[in-house]
Amino acid sequence: MEQRDTIGAAILALIVTSAPGTAGRQAREQSPAFRSGVELVTVEVGVVDRQGNPVRGLGPEDFVVTVGDQTRRVVSAEFVDAAAAHARSAVPPDGAVSTNEAAAGGRLFVFVVDQSTIEPGATRELANAASQLLDRLTFADRSAAMFIPVGARVDFTWAHDRVRSALQRATGMSGTGSMWEYGSLAEARDISNRSPLALQTVSQRECGVSVLASGGGGGAGGTGRGGTGQPTGGANPPGGGTAGTGNTGSGLPAGSAAGAGPASAGSGCLREIQLLADSTWRTAQMTSLSSIASLRQLLGTLERVRGDKTVILFSGGWPLDQIEQTSLLSSLADEAAAAQATIFTVLLPRSTFSASRRMVSLTPAVDQHVLTWALEALATMTGGGSFRAEVSARAAFERLSQELSGYYRIGVERDPSDLDGRTRRMKVQVRRSGSTVRARETFDVRTYEDRDWAARMSSALEAPIPATGVGLRLTSYLSAGAEDGARLKLLLTGDATRLQPGEATFQVLIQDLEGNRILSGEQPIGEPTGDRLPFSTSIPIEPGSYIVRLAVMDGTGRVGSVEHRVEARPVPIGPLSVTGPLLVRVPTQGRGEARLALDGPAQDERLALEIGIEGDRAQVAGAGVLFEIAAGAGSPALVQVPGSLSRGPRSGSMIAQAVADTRILPPGEYVARAKVKTGSEELGEVQRVFRLAGIASPTVARAAESPVEPSWRVTSAPHTISALHTVPHFTLDQVLAPAVLGAFLDRVAARPEASSPQVRELLSRAREPGLSRLEVSGTLATDVPVAAFLRGLTLLAGNRLDAAADAFRAAMRGAPDLYPAMVYLGACFAAAGKDKEAAGAWRTALIGEGDSVELHMLASDALLRQGQAGLALATINQARAKWPDRDDLKRRFVVAALAAGEHQQGLDAIDELVSRGAEDEPSLALALMVLYEAFVQTQPVVSLEQDRARVMRYAEAYRARGGPSLALVETWLAAVTSKR
């Protein structure tokens with residue numbers, strides 16, 4: 001198991017605690033700075049035809065917007081098809097990267113139930129009717145339920161079933177009975193407002209006297225005008241009362257004395273009608289004003305929530321004096337505009353018949369107007385509509401849902417004077433006949449954040465609609481927790497753009513899918529020095545599904561927010577569980593430090609990969625990982641790198657890491673895969689999509705203080721060719737094969753030290769199979785250098801590398817010119833993966849063994865494996881001078897020349913090999929890669945057409961020969977042939 005010497009997995013993390021982030025930033029007095037250019041105010045406008053269907057196909061030129069007495073230019077008009085949005089998933093997308101760029105967001109719906117004006121039975125089907133609208137909402141939308149004047153509330157949530165459940169518990173609090181039994185509510189209002197005509201009408205009907213007769217003290221006979229002395233509909237009173245006597249009997253309202261004269265009886269009846277009318281109307285108005293006061297408080301709360309809201313108000317009606325209370329509704333509409341709320345009202349009519357009522361209203365149409373005019377006026381002023389639920393609320397919601405299924409977001413040019421705090425009236429019209437326009441009547445561009453600058457960050461964090469003042473992108477990774485086995489480490493990384501100078505700060509909020517707050521925190525991220533500011537943080541979290549909300553505010557108060565879904569769960573693979581893969585960008589030397597990849601590396605970078613493995617200790621210890629990069633989930637691997645395993649953060653865990661050379665890939669979308677196996681059995685894989693960008697820009701802003709940085713200590717290296725496996729790994733067969741070993745044994749046998757019979761017998765047996773079983777006594781090895789050399793061979797054949805190296809060193813101490821011992825000491829180094837030491841030993845051995853072509857190839861291969869292409873080319877050229885016709889040297893020359901930058905020489909050499917069919921897979925693959933890079937860098941080796949012809953010829957040869965890089969070759973071919 002290799003230790004992480006070159007690839008460190010330590011994550012330097014600032015842990016965001018579960019304590020809510022406090023506003024460390026004091027409120028600033030200055031106004032926010034706005035960018036130069038045209039500033040727009042977004043207004044939501046509904047345009048429907050006579051059937052309530054949204055009108056489509058309108059452009060900015062079709063809208064006429066007047067603010068005050070000034071016509072404003074409409075810059076944009078976007079139709080939002082809410083019905084089509086319903087086809088999206090009901091849960092947030094779990095894409096790798098989330099962004100707020102061009103994010104319009106969903107819609108905000110607030111269901112307000114005015115319980116004090118609704119009779120208990122009227123709420124029965126409320127939730128069922130509202131379901132027609134709730135069922136059309138997606139995760140991008142937010143809904144809330146609020147009850148006035150009292151009651152529980154459900155704040156904005158994507159869990160719309162919580163709102164549905166709350167509406168099912170709504171309770172009407174308005175009684176069906178009334179003290180007013182003499183007619184309609186409109187008559188009570190008019191009598192309370194001292195209307196003689198209304199009082200005369202009711203008095204004649206109920207008391208049998210007119211206001212005039214009562215006021216004159218009554219006349220002989222006391223019949224009154226048109227009256228019988230009895231309440232309308234009453235029978236002759238018991239006890240012999242007759243018509244025309246003025247004696248009302250028991251049919252008079254309470255308070256009329258039996259046997260009293262007509263004048264006194266009429267006066268008592270009129271006084272009671274007057275008192276009951278006053279009391280009834282005052283009570284109705286007080287209830288209405290109480291509801292309005294509660295709604296104003298609610299609008300104050302909504303003002304703190306970013307974005308346009310659709311408020312659906314359920315009410316039993318607001319009886320108000322139309323003349324006196326219109327200004328109150330106008331003020332309420334202004335507050336709705338400040339809250340960016342469009343109000344739709346749904347009237348739930350009161351019961352017409354009741355056991356406690358003596359009679360039905362004789363003026364139902366007037367009564368309906370009394371109840372509805374205020375709701376209708378408020379809806380019109382705020383850009384909404386008013387609906388009446390006659391039998392049930394379903395019909396009203398069908399129409400309402402139909403109207404809200406599509407709307408326009410228009411961008412209206414803002415004037416600098418709009419920020420003076422004055423209220424301006426707005427009118428929106430369309431040049432389309434037969435259309436109804438629903439838009440608010442108040443133009444208010446100052447948002448809550450404008451009024452309370454310090455609240456912008458928290459508002460952006462909590463608001464359902466993303467803030468876009470600062471551009472944001474965000475992604476997440478999972479890794480095993482440090483020591484707590486019950487929790488994982490959530491790594492968030494992203495970048496912010498469109499930042500103004502000054503220190504930037506971010507806040508993060510994590511909620512579960514039910515909208516419950518899990519944790520939040522705040523952290524400064526430094527000052528931007530360019531057009532992009534990267535940031536990262538690490539958060540311990542329990543397994544589960546979460547929504548991460550992150551907001552960033554720059555030094556001038558601009559705010560951006562973004563929402564990201566996280567599935568924080570390890571992936572089960574057989575008996576193991578896996579987290580990752582993590583992707584880390586490894587820049588070229590001098591271009592910065594390694595960082596968690598937001599969406600992927602650039603084309604001139606490398607990509608480090610990591611997964612965590614947990615399970616039974618024995619099973620984890622036997623695990624192996626192969627990292628791959630492919631064009632798609634099921635596509636063949638383009639790049640393969642074996643994972644390096646090391647201990648994880650706790651018992652029973654391992655970390656697998658590797659660095660892949662993505663510089664050989666064209667820009668585009670790829671899949672990084674980590675295949676986990678035990679022994680020869682493949683258990684499964686985890687993968688992650690990433691995008692390979694073009695050449696990275698050197699002027700990306702760096703965070704002055706980054707909360708989390710992965711410390712991938714990747715050694716710098718020139719452009720490696722190991723990704724193509726062009727240089728074979730060293731194996732002992734290369735030096736222990738009979739032909740190679742026999743040649744060196746011949747040289748050793750010619751030495752004087754090998755003349756003794758005992759040594760000659762050992763040399764003879766060394767040529768036979770079973771070299772590892774050859775026994776050389778320690779005494780002989782100490783006395784005779786050749787015997788020490790032979791002892792080293794037996795140890796090397798048994799893969800005892802350290803002991804063999806000691807034996808070869810002992811042989812060279814006894815005979816410094818015993819160069820075969822130096823050759824096989826280099827083999828010990830190469831077998832241990834120490835190519836640098838092996839190359840040094842073999843280059844030294846060439847002093848005495850320069851006539852060994854195998855030694856030249858061993859040395860050049862070792863130099864190529866460590867990136868010393870120039871020295872490898874020099875070594876190969878020395879060999880070619882002695883053996884010019886050997887194809888194995890020519891193939892190595894191709895690889896060394898191309899790797900050393902001698903592209904023309906290398907390609908000329910492989911042309912000659914291809915023409916004879918003598919090429920091999922590594923040399924072809926490297927030649928194709930060099931030509932591909934020349935296309936990418938627009939620096940052809942010869943010319944564009946000649947290079948393209950070479951690519952096609954080499955690709956055909958590669959297909960015929962086959963090899964592990966076939967999929968990669970096809971990718972290069974497609975890139976080269978498509979570029980004209």
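Predicted, not measured: the structure shown is a model, and the values here were computed from it.

What follows deals with the overall build of the chain. In terms of helices and strands, the chain carries 28 helices and 34 strands. In the chain, buried positions account for 53% of the 980 residues. Taking as baseline every contact in the chain between residues at least 6 positions apart, the subset at least 24 positions apart corresponds to 73%. Approximately 41,600 Å² of the chain is accessible, and the part contributed by carbon and sulfur atoms is 51%.

What follows concerns the sheet that holds strand E28 (residues 623–630). Strands sit in the order E29-E28-E32-E33 across an open sheet of 4 strands; the sheet is antiparallel. Each of the sheet's edge strands pairs with one partner strand only, and the pair in question is strand E29 (637–642) and strand E33 (681–692). Within the sheet, the average angular offset between the axes of one strand and its neighbour, ignoring direction, is 20 degrees. Of the strand pairs in this sheet, E28 and E29 are connected by 5 bridges, and their pairing is antiparallel. Considered in E29, the bridge of Ala-630 is made with Ala-637.

Where strands meet in a sheet, backbone hydrogen bonds hold them as pairs that are either parallel or antiparallel. Taken in spatial order, the 4 strands make up an open sheet running E20-E19-E22-E23, and their pairing is antiparallel. Among the strands making up the open sheet, the edge pair consists of strand E20 (517–526) and strand E23 (559–568). Taken pair by pair, the neighbouring strands of this sheet meet at an average axis angle of 20 degrees, ignoring direction.

Let us look at the side chain of Glu-614. Tracing the backbone shows Glu-614 in strand E27 (residues 606–614). By relative accessible area, Glu-614 is classed as buried at 18%. Within the local environment of Glu-614, its side chain forms a polar contact with the side chain of Arg-650, the two groups lying 2.7 Å apart. Glu-614 has contacts with Ala-480, Leu-576, Ser-577, Val-620, Arg-650, Gly-652 and Ser-653, leaving out every residue within four places of it along the chain.

What follows covers the nonpolar core. Counting 140 residues, the largest nonpolar core has Ile-611, Phe-789, Leu-790, Leu-796, Phe-808, Tyr-824 and Trp-842 as the members making the most contacts within it. In terms of residue count, the dominant contributor to this core is helix H26 (residues 921–936) (10 residues). Ignoring sequence-local partners within four residues, the contact set of Leu-796 consists of Leu-732, Leu-736, Leu-801, Ala-804, Phe-808, Tyr-824, Ala-827 and Cys-828. Core analysis: the second largest hydrophobic core is formed by 33 residues, Leu-298, Leu-313, Trp-318 and Ala-377 among them.

Another point: the pairing of E27. Within E27, 9 of the 9 residues are buried, leaving the element largely enclosed by the surrounding structure. Direction of pairing for strand E25 (residues 576–586) relative to E27: antiparallel, over a ladder of 8 bridges. Bridge pairing in E27 links Arg-585 to Leu-607. Pairing between E27 and strand E31 (residues 653–660): 8 bridges, direction antiparallel.

What follows deals with the packing of aromatic side chains. In this structure the tally under the stated criterion is 11 aromatic pairs. Geometrically, the ring pair formed by Phe-79 and Tyr-408 is edge-to-face, given 5.0 Å between the ring centres and 65 degrees between the ring planes. One end of the pair, Phe-79, is in strand E5 (residues 74–81); the other, Tyr-408, is in strand E13 (residues 406–413), with 329 residues separating them in the sequence. Residue class for Phe-79 comes out partly exposed when judged on its relative accessible area of 23%.

Glancing now at the confidence of the model for the chain. Summarising the model, the chain shows a mean pLDDT of 79, and 81% of its residues fall at 70 or more. Least confident of the elements in the chain is strand E1 (residues 11–12), whose mean pLDDT is 29; most confident is helix H20 (residues 819–831), at 95. Scored below 50 in pLDDT, residues 1–37 makes 91 contacts in the model with residues more than four places away or belonging to other chains. Note that pLDDT drops below 50 for residues 353–358; the model gives that stretch 11 contacts with residues more than four away or on any other chain.

This structure, assessed with the given rule, holds 5 cavities of 30 Å³ or more. Within this model, the largest cavity holds a volume of roughly 170 Å³. In terms of lining, the largest cavity is formed by 17 residues, of which the most central are Gly-46, Arg-107, Phe-344, Leu-404 and Arg-438. Looking at the lining of the largest cavity, the elements that each hand over two or more residues are strand E2 (40–48), strand E10 (309–315), strand E11 (341–347) and E13. The greatest single-element share of the lining of the largest cavity, amounting to 4 residues, is contributed by E2. Residues of the lining of the largest cavity, tallied by class, amount to 6 nonpolar, 5 polar and 6 charged.

Evaluated as defined, the whole model comprises 44 salt bridges. Here Arg-409 makes a salt bridge to Glu-44, at a shortest N to O gap of 3.7 Å. Of this pair, Arg-409 sits in strand E13 while Glu-44 is found in strand E2, placing the two residues 365 residues apart along the sequence. Relative accessible area serves as the criterion here: at 12%, Arg-409 is assigned to the buried category.

This paragraph deals with the environment of Ile-148. Assignment of secondary structure puts Ile-148 in strand E8 (residues 142–148). Residues Ile-148 and Thr-117, 31 residues apart in the sequence, show an inter-C-alpha distance of 9.6 Å. Dropping the residues within four chain positions of it, Ile-148 is found in contact with Val-112, Val-113, Asp-114, Gln-115, Ser-116, Ser-291, Ser-294, Leu-295, Leu-298 and Leu-313.

We now examine the pairing of strand E19 (residues 504–512). For E19, the buried fraction is high: 9 of the 9 residues fall into the buried class. Pairing geometry for E19 and E20, over 8 bridges, is antiparallel. Looking at E20, one finds that Ala-504 is bridged to Gly-526. Count of turn residues in the E19/E20 antiparallel hairpin: 4 residues, of which Gly-515 carries a positive phi of about 90 degrees.

Attention now moves to unusual backbone geometry. Cis geometry marks the peptide bond from Ile-148 to Pro-149; its omega dihedral reads -5 degrees. Tracing the sequence through the fold places Pro-149 in the loop between E8 and strand E9 (154–157).

Compared with an ideal rise of 1.5 Å per residue, which puts 13 residues at 18 Å, helix H18 (residues 785–797) spans 19 Å between its outermost C-alpha atoms and is within 8% of the ideal. Within H18 the residues assigned to the buried category are Pro-785, Val-786, Ala-787, Ala-788, Phe-789, Leu-790, Gly-792, Leu-793, Thr-794, Leu-795 and Leu-796. Structurally, H18 contributes buried residues whose contacts are with helix H14 (733–736), helix H15 (738–749), helix H16 (757–766), helix H17 (778–783), helix H19 (801–814) and H20. Phi turns positive, to about 65 degrees, at Asn-799, one or two residues after H18.

Looking at the element boundaries, Phe-730 is found in the loop between strand E34 (709–710) and H14. Look past the residues within four positions of Phe-730 in its chain and what remains in contact with it is Val-735, Ala-827, Ala-830, Ala-831, Trp-842, Leu-858 and Arg-865.

Given a rise of 1.5 Å per residue, 14 residues ought to cover 20 Å, and the 20 Å separating the end C-alpha atoms of helix H23 (residues 869–882) matches this to within 8%. Of the residues making up H23, those classed as buried are Ala-869, Ala-872, Leu-873, Thr-875, Ile-876 and Ala-879. With its buried residues spanning 165 degrees around the axis, H23 presents them on a single face. The inward-facing, buried residues of H23 abut helix H22 (853–865) and helix H24 (887–899).

Contact geometry of H15 with H20 gives a least axis separation of 9 Å together with a crossing angle of 150 degrees. Relative to H20, H15 is oriented roughly antiparallel. Side by side, H15 and H20 meet where Val-740, Leu-741, Phe-744 and Val-748 of the first sit next to Pro-820, Val-823 and Tyr-824 of the second. Among the residues making up the contact of H15 with H20, the classes are represented as 7 nonpolar, no polar and no charged.

Right, let's talk about the environment of Leu-889 for a bit. In this fold, Leu-889 is placed in helix H24. On the basis of relative accessible area, Leu-889 is assigned to the buried category, the value being 0%. Residues Leu-889 and Glu-854 lie 35 residues apart in sequence; the distance between their C-alpha atoms is 9.8 Å. The residues touching Leu-889, leaving out its near neighbours within four places in the chain, are Val-853, Met-857, Ile-876, Ala-879, Arg-880 and Trp-883.

Within the secondary structure layout, Thr-662 lies in the loop between E31 and strand E32 (668–678). Of note is the side chain of Thr-662, whose polar atom sits 3.1 Å from the backbone oxygen of Glu-605. Beyond its immediate chain neighbours, meaning those up to four positions away, Thr-662 contacts Pro-601, Ala-602, Gln-603, Glu-605, Arg-606, Leu-607, Ile-629 and Leu-692.

How each quantity is defined
- Residues numbered from 1 in each chain as written.
- Predicted model: local features only at pLDDT ≥ 70, side-chain atom pairs only at ≥ 80, totals over all residues.
- Heavy atoms only, no water.
- Helix = DSSP H or I, 4+ residues; strand = E, 2+ residues; numbered from the N terminus.
- Buried < 20%, exposed > 50% of the residue type's maximum accessible area, 1.4 Å probe, protein only.
- Contact = heavy atoms within 4.5 Å.
- Areas by Shrake-Rupley, 256 points an atom, 1.4 Å probe, with all protein chains shown as cover.
- Pairing = 2+ DSSP bridges.
- Axes fitted to C-alpha atoms, helices over the stretch in contact; angles between N-to-C directions.
- Polar contact = N/O pair within 3.5 Å; in protein donor to acceptor, adjacent residues only side chain to side chain.
- Core = buried A, V, L, I, M, F, W, Y, C linked by side-chain atoms within 4.5 Å.
- Phe/Tyr/Trp six-rings, centres within 6.5 Å; stacked < 30°, edge-to-face > 60°.
- pLDDT = per-residue confidence, 0-100.
- 1 Å grid on protein atoms, 1.4 Å probe; cavity = no way out; pocket = protein on both sides within 12 Å on 5 of 7 lines; lining within 4 Å.
- Points joined across faces, edges and corners; volume = space filled by probe spheres on them.
- Nonpolar A, V, L, I, M, F, W, Y, C, P; charged D, E, K, R; others polar.
- Salt bridge = Lys/Arg side-chain N within 4 Å of Asp/Glu carboxyl O.
- Expected span 1.5 Å × (residues − 1).
- Arc of directions from axis to C-beta.
- Parallel < 35°, antiparallel > 145°, perpendicular 65-115°, else oblique.

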